[in-house]
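# What the coordinates show
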Amino acid sequence: RMPADQRSGDEDELLREPEASAALAEVDANEAGSNATMLGTVMGIANNVVGAGMLSLPWCLMQASLIPGLTLMVGISALAALSVVVICASADLAGGVYTFKELGARAVGPGFGVFLQVVVALYTLGSCISYAVLLLDFIPNILEGISGQQGEWWESRWFIILVLAGLVLLPMSLFRDLSRFEFTSTIAVVCVMLTVGILLWRGSNPSGWDSVVLAEFTPGTFAAMPILAVATTMHYNSLRFYRELPLEHRNLRTMAFITAGAFGICLVAYGASATAGYIAFGADTNAEVLQNFPTSLDNVEGVLALTVRSAFAIVVAFTYPLSLHPLRAAMFTLLPDRL
């Protein structure tokens with residue numbers, strides 16, 4: 001926190017606000033140390049970035065063509081990583097604030113700070129809903145594939161959501177620090193790499209190579225851009241990841257190194273899986289590449305498709321608390337102190 005003799009009158013007034021004082025008190029408590037590690041933070045950011053949208057990236061390359069699509073992927077990933085560092089630099093320039101409400105208030109004014117925090121709350125709320133929907137799509141298909149039966153009560157969505165929420169999502173969502181998810185984030189990254197390996201295997205036996213377009217500008221590029229942009233989004237947690245770094249590592253150089261490592265992992269996974277999926281199926285690539293795989297377990301491809309669904313069910317389940325955490329924090333920040 002900035003010394004008193006270096007603060008302006010506006011800063012002193014802001015620090016006297018209850019929510020600002022509470023936020024700074026929380027920061028002071030954090031400065032005693034954090035259990036977050038650099039490698040764990042890299043895994044956490046990578047897990048936060050990668051989601052089920054990765055399965056739509058082969059379709060994005062089909063829309064944009066191979067080389068322009070990969071170029072667009074690299075460019076958007078670089079901008080996303082850079083913007084994370086810029087957000088953290090802004091937090092340092094503002095005197096060490098780690099909520100978007102505080103950051104927006106310092107930059108423009110209190111109203112803008114509230115607006116930013118509302119945006120974070122709405123975005124993360126939508127993310128949590130989408131993750132729940134994806135889990136209710138993946139898990140019944142997984143159970144049906146394993147059991148070979150349909151319509152059983154233990155395959156029903158109401159039963160799955162009760163068990164999943166009670167035994168997995170709720171317990172994980174109770175943690176206060178993102179550093180607690182280092183182990184689960186590492187598992188999620190391993191599951192992502194398993195998916196990449198399966199898609200690379202399928203891409204080594206392409207059936208759609210003749211219809212692959214190497215470079216051609218098409219209107220489909222504009223359909224691919226928003227998917228690629230959302231696939232690199234984790235900025236709502238950028239301030240939290242930065243704050244949880246131990247004091248000796250809480251600087252922009254270290255954060256830039258961590259961010260580059262995390263987005264580098266994601267870019268390798270994205271580029272390899274998207275290229276392999278597009279080469280494998282060409283113009284027949286579906287919006288979700290798993291739809292190109294057979295559903296029967298009577299052949300290798302069906303077993304591999306079930307493996308990918310299972311891996312991504314784990315990825316989505318472990319990403320859910322990373323979105324719920326900023327949603328909960330945003331709600332507490334927006335509520336009046338007297339509540």
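See the structure shown above.
Let me sum up the structure you'll find in this document. In every chain, residue numbers begin from 1 and rise along the written sequence. Local features in this predicted model are restricted to residues of pLDDT 70 or higher, and side-chain atom pairs are both shown and tallied only at a pLDDT of 80 or more, whereas totals for entire chains, interfaces and linings draw on every residue. With hydrogens and water stripped out, all remaining heavy atoms of the structure feed into the side-chain values.

## Some details on the packing of helix 5 (residues 66-93) against helix 12 (residues 252-281)
Two elements in contact, helix 5 and helix 12, have axes whose closest approach is 10 Å; the angle formed by their N-to-C orientations is 160°. When the axes of helix 5 and helix 12 are compared, the pair comes out roughly antiparallel. Read as a crossing pair, helix 5 and helix 12 show a hand that is right-handed. When helix 5 is examined against helix 12, the residues Leu66, Leu70, Met73, Val74, Ser77, Ala80, Ala81, Val84, Val85, Cys88, Ala89 and Asp92 are found in contact with a partner set consisting of Leu252, Met255, Ala256, Thr259, Phe263, Leu267, Tyr270, Gly271, Ala274, Thr275 and Tyr278. In this analysis an axis means a line fitted to C-alpha atoms, helices contributing only their contacting stretch, and an angle means the value between N-to-C directions, from 0 to 180 degrees. What counts as a helix is a DSSP run of H or I of at least four residues, what counts as a strand is a run of E of at least two, and both are numbered from the N terminus. Comment on the angle field: the value is read as roughly parallel under 35 degrees, roughly antiparallel over 145, roughly perpendicular from 65 to 115, and oblique elsewhere. Two helices crossing with the near one rotated counterclockwise from the far one by less than a right angle form a left-handed crossing, whereas a clockwise rotation gives a right-handed crossing. Here, two residues are considered to be in contact whenever any of their heavy atoms come within 4.5 Å of each other.

## Examining the pattern of salt bridges
Salt bridge, as used here, is a side-chain nitrogen of Lys or Arg placed within 4 Å of a carboxyl oxygen of Asp or Glu. Inspection of the entire model under this criterion finds three salt bridges. A salt bridge links Glu301 to Arg202; its shortest N-O distance comes to 3.0 Å. In this pair, Glu301 sits in helix 13 (residues 300-334) while Arg202 sits in helix 9 (residues 182-203), placing the two residues 99 residues apart along the sequence. For each residue, the accessible area found with a 1.4 Å probe, counting protein chains only, is set against the maximum for its type, and the residue is called buried under 20%, exposed over 50%, and partly exposed in between. For Arg202, a relative accessible area of 7% gives the class buried. Of the charged contacts in the structure, one is a salt bridge between Glu244 and Arg240, with a shortest N-O distance of 2.9 Å.

## Some points on the nonpolar core
Core analysis: the largest hydrophobic core is formed by 81 residues, its most contacted members being Ile45 and Phe138. With residues up to four places along the chain from it excluded, the contact list for Phe138 reads Ala52, Leu55, Leu290, Arg309, Phe312, Ala313 and Val316. What we call a nonpolar core is a set of buried Ala, Val, Leu, Ile, Met, Phe, Trp, Tyr and Cys residues that are connected through their side-chain atoms within 4.5 Å. The next biggest cluster of nonpolar side chains, apart from the first, holds nine residues, and it includes Val97, Phe100, Val120 and Leu239.

## Some remarks on a nonpolar patch on the surface
Residues form patches when they are more than 30% accessible in relative terms and have no salt bridge. Like charges link within 9 Å. Nonpolar side chains (Val, Leu, Ile, Met, Phe, Trp, Tyr) link within 5 Å. For accessible areas, the Shrake-Rupley method is used with a probe of radius 1.4 Å. Any residue's cover is judged against the shown protein chains and nothing else. Together, Val114, Val118, Leu122, Leu125, Ile129 and Val133 make up an exposed nonpolar region whose accessible area comes to about 500 Å². Examined against the element boundaries, Leu125 turns out to sit in helix 7 (residues 110-147).

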